[in-house]
Amino acid sequence: MGRFWSLLFLMVPILGVLCFVWAMAGFWPMQNHWLPENIGGADAHAIDGLFLFILGLTGVIFVATGLVFFWFLWKYDAAVTTEPVKYFHGSHQLEVIWSIIPAAALLFIAIFQMSVWANTKIKRPELSPGVARPALAEITGRQFEWRIRYAGKDGIIGTEDDVFKVNDLHLPINEDVVLLIKSQDVLHSFFLPHLRVKQDVVPGMQQFVWFQAKRPGTYDIVCAELCGWGHYKMRGRFVVQNRAEFDKWLEQAWQEQEVSSFALPAGE
Ligand SMILES: [Cu+2]
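Since the model is a prediction, treat every value here as computed from it, not as a measurement.

J.: When you look at the sheet that holds strand β5 (residues 163-166) in this model, what are you seeing that I'm missing?
T.: The strands that make up a sheet are held in pairs by hydrogen bonds between backbone atoms, and each pair lies either parallel or antiparallel. If you walk across this open sheet you meet the 5 strands as β5-β4-β3-β7-β10, and the pairing is mixed. Lying at the two open borders of the sheet, with one neighbouring strand each, are β5 and β10 (207-211). Neighbour-to-neighbour, the strand axes of this sheet turn through a mean angle of 25°, independent of strand direction. Pairing between strand β7 (residues 177-183) and β10: 5 bridges, direction antiparallel.

Written out as structure tokens, the structure reads:
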């Protein structure tokens, strides 16, 4: 019977790897179970590269551990092993080895990912040397929607020509886009899966995210932090379009906003 359990245990690494390969290949019924289409620039692709590297590294360790477990279960099956159990009280040498290897692996990952981290979280794009690119829009997360305030024609947030929208983000294609992220109430997480952008939205903090969108279309904005009963519906969409279309859309949104704000007859 012990052999049965060891073979069953062997299924863990085999089925685990098979699931990943199946999903990556997009075979039925696991179409759309792998990463969403990557429409971002070099940074987004570098993030995918890091993800796959770490997946490969942990995958090798996962399979190796699974095989070792299997081997021990198989070899020391009580039904076929008559030798009595032997105990020993730790091995200093082994402990040093299995502390150093993971520590070295983690240190390697920490150094290996530094330039990607710097590009996506520290080096904000610049308009000209020393001048940070201003935000295209301010995104305020609140239970349970994304309020979006576009800088408008003057390119400055907080002025009279700002355009207000809810859950409807438009972005120009092939440009460095900077967004200012805030929370009105609790912790949220601003997540654009197709751009590999994810930023915790922390009450009391102003944060910036930046990226380039390289493919036109309509994509999801989601909240990636459980923020209350309506978390599931805290989603919006973003539309990637060329600069001329974006400007036209913004102008039209401004006109509509003007009409709706000033349409009431005097006295009402
Ligand atoms: Cu949320």
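J.: Which parts of the structure should I look at to understand the pattern of salt bridges?
T.: Note that side chains of opposite charge can pair when their charged atoms are close. By the definition in use, this model includes 12 salt bridges. In this structure, K153 and E251 form a salt bridge, with 3.2 Å as the shortest nitrogen-oxygen distance. Of this pair, K153 sits in the loop between β4 (145-150) and β5 while E251 is found in helix α5 (residues 243-262), placing the two residues 98 residues apart along the sequence. Judged by its relative accessible area of 68%, K153 falls in the exposed class. Look at E251 and you get partly exposed, because its relative accessible area is 27%. Notably, a salt bridge pairs D168 with R237, separated by 3.4 Å at the nearest N-O pair. Within this pair, whereas D168 is found in strand β6 (residues 168-172), its partner R237 is found in strand β12 (residues 235-241), the two being separated by 69 residues in sequence. One salt-bridge network, held together by shared partners, links R142, E145 and R147.

Reading guide: rules and limits
- Residues numbered from 1 in each chain as written.
- Predicted model: local features only at pLDDT ≥ 70, side-chain atom pairs only at ≥ 80, totals over all residues.
- Heavy atoms only, no water.
- Pairing = 2+ DSSP bridges.
- Helix = DSSP H or I, 4+ residues; strand = E, 2+ residues; numbered from the N terminus.
- Axes fitted to C-alpha atoms, helices over the stretch in contact; angles between N-to-C directions.
- Salt bridge = Lys/Arg side-chain N within 4 Å of Asp/Glu carboxyl O.
- Buried < 20%, exposed > 50% of the residue type's maximum accessible area, 1.4 Å probe, protein only.

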